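Residue-level listing of the chains:
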Amino acid sequence: MRRLPPVLIDDGCSRELLSLIRTILAACKEISFRVGQGALSGVLGSTLDENIQGETQKKLDVLSNQLLKDILLESGYVKAIASEEEDYTVAGNPDAEYIVAFDPLDGSSNTDINSLVGTIFSIMKAPHGSDPADQTIFMQPGHQQVAAGYVLYGPCTTLALTIGKGTRIFTLDKTHGSFMLTEEFAKIPEDTKEFAINASNQRHWQPAMQNYVNDLLAGDTGPRGKNFNMRWIAAMVGDVHRVLCRGGLFTYPADTKDPNKPFKLRLLYEANPMAMLVEQAGGIAHTGEQRILDIDPQEIHQRVPVILGSKNEVEACLGYHK
Ligand SMILES: O=P(O)(O)OC[C@H]1O[C@](O)(COP(=O)(O)O)[C@@H](O)[C@@H]1O
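- If you look the protein up in an unreviewed UniProt entry, it shows as Fructose-1,6-bisphosphatase class 1 from Pseudoalteromonas caenipelagi.
- Database annotation for the protein, UniProt heading Sequence similarities (unreviewed entry): "Belongs to the FBPase class 1 family."
- As stated in UniProt under Subcellular location (unreviewed entry), the record for the protein gives "Cytoplasm".

Next comes the structure, spelled out in structure tokens:
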């Protein structure tokens with residue numbers, strides 16, 4: 001089995017970008033250890049604080065954010081960072097080439113029940129000569145990403161990573177601390193019988209999504225002519241990993257549950273990196289109106305609807321939105 005650095009070098013990854021990716025993974029190894037300690041190290045439960053999005057912060061959210069923030073800023077490889085747990089972007093080394101947006105602990109509602117959580121990251125080039133304190137340097141469409149990935153903390157610790165040359169899957173060898181290549185290239189099957197959606201929101205969905213899901217649930221006697229199965233891990237990192245491994249459709253659509261917040265998932269550090277990983281594995285990632293990677297971001301914590309996964313199934317879903 002091959003270790004991560006030579007794999008990326010063979011894929012044409014620059015030394016600087018490799019060093020930055022290894023820096024992120026060093027923090028993720030520590031997070032993997034802390035998540036694995038659970039109640040033994042007092043990291044479960046919530047803090048009394050809320051992030052700018054009005055979400056109560058879990059202790060592991062804050063810990064993971066601090067680990068990533070400290071190691072990235074100390075590394076000198078980043079001009080600035082954006083995080084789900086930081087109200088504003090944080091300036092770094094003005095001479096650095098890259099900027100990083102990350103969700104330090106996705107699926108945080110799962111931390112206290114020993115279920116799947118993960119770290120999601122997106123790497124872009126810093127505009128030349130730009131000011132590290134200028135938040136607008138993050139306002140780049142997702143197709144500008146030079147790398148994207150997630151680390152999934154589950155029974156084993158898994159990394160899905162792309163630098164635009166396909167999506168590769170690595171597994172952390174906890175004895176040596178190395179990420180080993182365990183899936184040369186993830187290939188998402190074009191067809192599927194599996195979908196993931198939080199069905200408890202059904203009454204709040206738009207008619208197009210209502211009709212699409214009703215036809216899935218109608219089974220082989222219905223308009224789709226086949227039986228579908230549903231899964232929901234309540235952690236995008238876990239649901240997308242399943243899609244990369246065996247196909248499927250994952251969606252968090254627009255809904256009317258909270259008129260001030262029609263969308264759930266964040267563009268910069270959830271939708272964009274996942275969209276790049278999925279597209280590089282042969283899938284589609286869309287909002288229902290446009291390709292996610294073509295969206296021009298307006299805000300750091302902007303939210304978007306997400307429909308992604310197996311090519312033919314996403315196209316079928318989009319057919320209901322036309
Ligand atoms: O609680 P719900 O509606 O099931 O939402 C779950 C979704 O929210 C998320 O947990 C995102 O929020 P966090 O990053 O704050 O955990 C996604 O990972 C997941 O797909």
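## Here's the deal with the site of the ligand
And then number 1: Surveying the vicinity of the ligand reveals 17 residues, the closest of which are Asp106, Gly107, Trp232, Met236 and Tyr252.
And then number 2: At 2.6 Å from an oxygen atom of the ligand is found a side-chain nitrogen or oxygen belonging to Tyr252.
And then number 3: Contact between the ligand and Glu270: an oxygen atom at 3.1 Å from a side-chain N or O atom of the residue.
And then number 4: For the ligand, whose free accessible area comes to 470 Å², the fraction covered by protein is 88%.
And then number 5: Spatially, the ligand is embedded in the largest pocket.
And then number 6: For the shell around the ligand, the secondary structure elements donating two or more residues are β5 (98-106), β13 (249-252) and β14 (265-266).
And then number 7: Of the residues in the shell around the ligand, the class split is seven nonpolar, three polar and seven charged.

## Some thoughts on empty space enclosed by the protein
And then number 1: Within the structure shown, the criterion is met by one cavity of 30 Å³ or more.
And then number 2: Its boundaries defined by the atoms lining it, the largest cavity holds a volume of some 40 Å³.
And then number 3: Looking at the largest cavity, the residues that line it are Leu8, Asp11, Leu161, Thr162, Ile163, Lys165, Gly166, Arg168 and Phe170.
And then number 4: Looking at the lining of the largest cavity residue by residue, the class counts come to four nonpolar, two polar and three charged.

## Focus on the UniProt feature "binding site: Mg(2+) 1" (unreviewed entry) in the protein
And then number 1: In this structure's numbering, the residues bearing the UniProt feature "binding site: Mg(2+) 1" (unreviewed entry) are Glu84, Asp103 and Leu105. Taken together, the annotated residues stretch across 22 residues yet fold into one region, lying no more than 8.8 Å apart by C-alpha. Within this annotated set, the largest pocket is lined by Glu84, Asp103 and Leu105.
And then number 2: Assignment of secondary structure puts Glu84 in the loop between β3 (78-83) and β4 (90-91).

## Here's the deal with the confidence of the model for the protein
Do not read the fine detail of predicted coordinates wherever pLDDT is low.
And then number 1: Residue-level pLDDT values for the protein average 96, and 100% of them are 70 or greater.
And then number 2: Interface scoring of the predicted complex returns ipTM 0.98; its pTM is 0.98.

## Details of the sheet that holds β13
And then number 1: The strand order β12-β11-β13-β17-β15 describes an open sheet built from five strands, whose pairing is mixed. On the outer flanks of this sheet lie β12 (229-230) and β15 (284-286), each paired with one strand and no other.
And then number 2: Sheet topology note: the strand β11 (residues 194-196)/β13 ladder contains two bridges and is parallel. The residue bridging Ala196 from the neighbouring strand is Phe250, located in β13.
And then number 3: Sheet strands touched by helix α4 (residues 207-217): β11, β13 and β17 (306-309). Its angle to β11, the strand with the most contacts, is close to 140°.
And then number 4: On the sheet, helix α6 (residues 267-280) packs against β15 and β17 and is oriented at approximately 25° with respect to β17.

## With respect to the nonpolar core
And then number 1: Phe138, Tyr150, Met274, Val306 and Leu308 are the most contacted members of the largest nonpolar core, which totals 42 residues.
And then number 2: When residues of this core are traced back to their parent elements, those giving at least two are β3, β5, β6 (117-125), β7 (147-153), α5 (236-246), β13, α6 and β17.
And then number 3: The element that contributes the greatest number of residues to this core is α6, accounting for eight residues.
And then number 4: Every residue in contact with Phe138, bar those within four places of it in the chain, is listed here: Ala80, Ile81, Ala82, Thr89, Ile99, Val100, Ala101, Met124, Leu268, Pro297 and Ile300.
And then number 5: Core analysis: the next-biggest nonpolar cluster, separate from the first, contains 38 residues, Val7, Leu25, Ile31 and Val146 among them.

## Things to note about the pattern of salt bridges
And then number 1: Across all of its chains, the model carries 17 salt bridges by this definition.
And then number 2: Ionic pairing is found between Glu30 and Arg34, a salt bridge with its closest N-O pair at 2.7 Å. Of the two residues, Glu30 and Arg34 both sit in helix α2 (residues 15-37), four residues apart, roughly one turn of that helix.
And then number 3: Linking Arg224 and Glu313 is a salt bridge whose minimum nitrogen-to-oxygen distance equals 2.8 Å. Remark: Glu313 occurs in helix α7 (residues 311-321) and Arg224 occurs in the loop between α4 and β12; sequence separation between them is 89 residues.
And then number 4: For Arg224, a relative accessible area of 21% corresponds to the partly exposed category.

What counts as what
- Residues numbered from 1 in each chain as written.
- Predicted model: local features only at pLDDT ≥ 70, side-chain atom pairs only at ≥ 80, totals over all residues.
- Heavy atoms only, no water.
- UniProt positions renumbered as here; feature names shortened; annotations may be inferred.
- Near = heavy atom within 4 Å.
- Polar contact = N/O pair within 3.5 Å; in protein donor to acceptor, adjacent residues only side chain to side chain.
- Areas by Shrake-Rupley, 256 points an atom, 1.4 Å probe, with all protein chains shown as cover.
- 1 Å grid on protein atoms, 1.4 Å probe; cavity = no way out; pocket = protein on both sides within 12 Å on 5 of 7 lines; lining within 4 Å.
- Sits in = over half its atoms within 2 Å of the grid points.
- Helix = DSSP H or I, 4+ residues; strand = E, 2+ residues; numbered from the N terminus.
- Nonpolar A, V, L, I, M, F, W, Y, C, P; charged D, E, K, R; others polar.
- Points joined across faces, edges and corners; volume = space filled by probe spheres on them.
- pLDDT = per-residue confidence, 0-100.
- Pairing = 2+ DSSP bridges.
- Contact = heavy atoms within 4.5 Å.
- Axes fitted to C-alpha atoms, helices over the stretch in contact; angles between N-to-C directions.
- Core = buried A, V, L, I, M, F, W, Y, C linked by side-chain atoms within 4.5 Å.
- Buried < 20%, exposed > 50% of the residue type's maximum accessible area, 1.4 Å probe, protein only.
- Salt bridge = Lys/Arg side-chain N within 4 Å of Asp/Glu carboxyl O.

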